[in-house]
Amino acid sequence: MKKSKLLIAYASMLVAVVTALFIMNSSSHAHREDADYDKLVERLNYSTFEEFEVKKEEKDTFVLFVGQDGCGACEDLMPTLLEISSQDKVRQNIYYMNIQSSNNDSIKTDYGVIATPTLLFIQNGKVVHRMEGSAGENKDKKLIKKQFRNLNLI
């Protein structure tokens, strides 16, 4: 009887340790993914809603990537954007807006951005195409490249 209680106690401690290790590993992995996403975002131009509106009023041609921290589809799309934007001309015309920032709430109401990632393709100050979500790396690349060509950015 005493041995079975001892065995149950050891098994319970083992389960607790394994669970704690799993939780620690999961949180550090999520932190690494967030850090990678942050590094990728830093390579793009950051835009607030006000800056976006100014660029549109100036009749600029550019792409706005609307994303947010912790968005798996945003993280999946980012490498594709960075690969496409390896040329300076292209990278200079891609802007990132964090939809979670209170300064950017108007992007939701004025442009109906309710999902992330959303890419708004702007030509001469007008939204000419929008892409919501991620269709998978190969499809995303094809669709995005096509839109960049339509904007004469590549």
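Just above, that's the structure.
In short, a report on the structure. (Residues numbered from 1 in each chain as written. Predicted model: local features only at pLDDT ≥ 70, side-chain atom pairs only at ≥ 80, totals over all residues. Heavy atoms only, no water.)

On to the packing of aromatic side chains, then. Evaluated as defined, the whole model comprises eight aromatic pairs. With a centroid separation of 5.4 Å and an interplanar angle of 55°, the aromatic rings of Phe-65 and Tyr-96 are classed as tilted. Taken together, the residues span a long stretch of sequence, with Phe-65 in strand 2 (residues 62-67) and Tyr-96 in strand 3 (residues 94-98) at a distance of 31 residues. Ring centres of Phe-121 and Phe-148 lie 6.1 Å apart, and the angle between their planes is 90°; on these two criteria the pair is classed as edge-to-face. Of the two residues, Phe-121 sits in strand 4 (residues 118-123) while Phe-148 sits in helix 6 (residues 137-150), which places them 27 residues apart along the sequence. Of the two residues, Phe-121 and Phe-148, both sit in the buried class. Aromatic rings pair up to connect Phe-49, Phe-52, Phe-62, Tyr-95 and Tyr-111 into one cluster. (Phe/Tyr/Trp six-rings, centres within 6.5 Å; stacked < 30°, edge-to-face > 60°. Helix = DSSP H or I, 4+ residues; strand = E, 2+ residues; numbered from the N terminus. Buried < 20%, exposed > 50% of the residue type's maximum accessible area, 1.4 Å probe, protein only.)

Across the junction of Thr-116 and Pro-117, the peptide omega takes the value 0°, indicating a cis bond. Its place among the elements puts Pro-117 in the loop between helix 5 (106-111) and strand 4. Here Asn-152, not a glycine, exhibits a phi torsion of approximately 60°, which is positive. Relative to the elements of secondary structure, Asn-152 occurs in the segment after helix 6.

Counting buried positions along strand 4 gives five out of six residues, so the element sits mostly inside the fold. Of the pairings in the sheet, the one linking strand 2 to strand 4 comprises five bridges and is antiparallel in character. Counterpart to Val-66 in the pairing with strand 4 is Thr-118. In terms of strand pairing, strand 4 meets strand 5 (residues 126-132) through six bridges, oriented antiparallel. Looking across to strand 5, one finds that Ile-122 is bridged to Val-127. Counted between consecutive antiparallel strands, the loop separating strand 4 from strand 5 contains two residues, among which Asn-124 sits at a positive phi close to 50°. (Pairing = 2+ DSSP bridges.)

To continue, consider the side chain of Asn-93. Structurally, Asn-93 can be placed in the loop between helix 4 (88-91) and strand 3. Those residues in contact with Asn-93, other than ones at most four positions away along the chain, are Asn-45, Thr-61, Phe-62, Val-63 and Leu-153. (Contact = heavy atoms within 4.5 Å.)

So, about the pattern of salt bridges. Here the structure, examined in full by the defined rule, presents four salt bridges. Here Asp-105 and Lys-108 are joined by a salt bridge, their closest N and O atoms 3.4 Å apart. (Salt bridge = Lys/Arg side-chain N within 4 Å of Asp/Glu carboxyl O.)

The next subject is the nonpolar core. Phe-65, Leu-119, Ile-144 and Phe-148 are the most contacted members of the largest nonpolar core, which totals 22 residues. Of all elements in the fold, only helix 1 (2-42), strand 2, helix 3 (72-84), strand 3, strand 4 and helix 6 reach the threshold of two or more residues within this core. In terms of residues, this core owes the most to one element, helix 3, which gives six residues. Ignoring anything within four residues of it in the chain, the contact list for Phe-148 reads Val-63, Ile-84, Val-90, Ile-94, Phe-121, Leu-153 and Ile-154. Core analysis: the next-biggest nonpolar cluster, separate from the first, contains 13 residues, Phe-52, Phe-62, Val-66 and Leu-120 among them. (Core = buried A, V, L, I, M, F, W, Y, C linked by side-chain atoms within 4.5 Å.)

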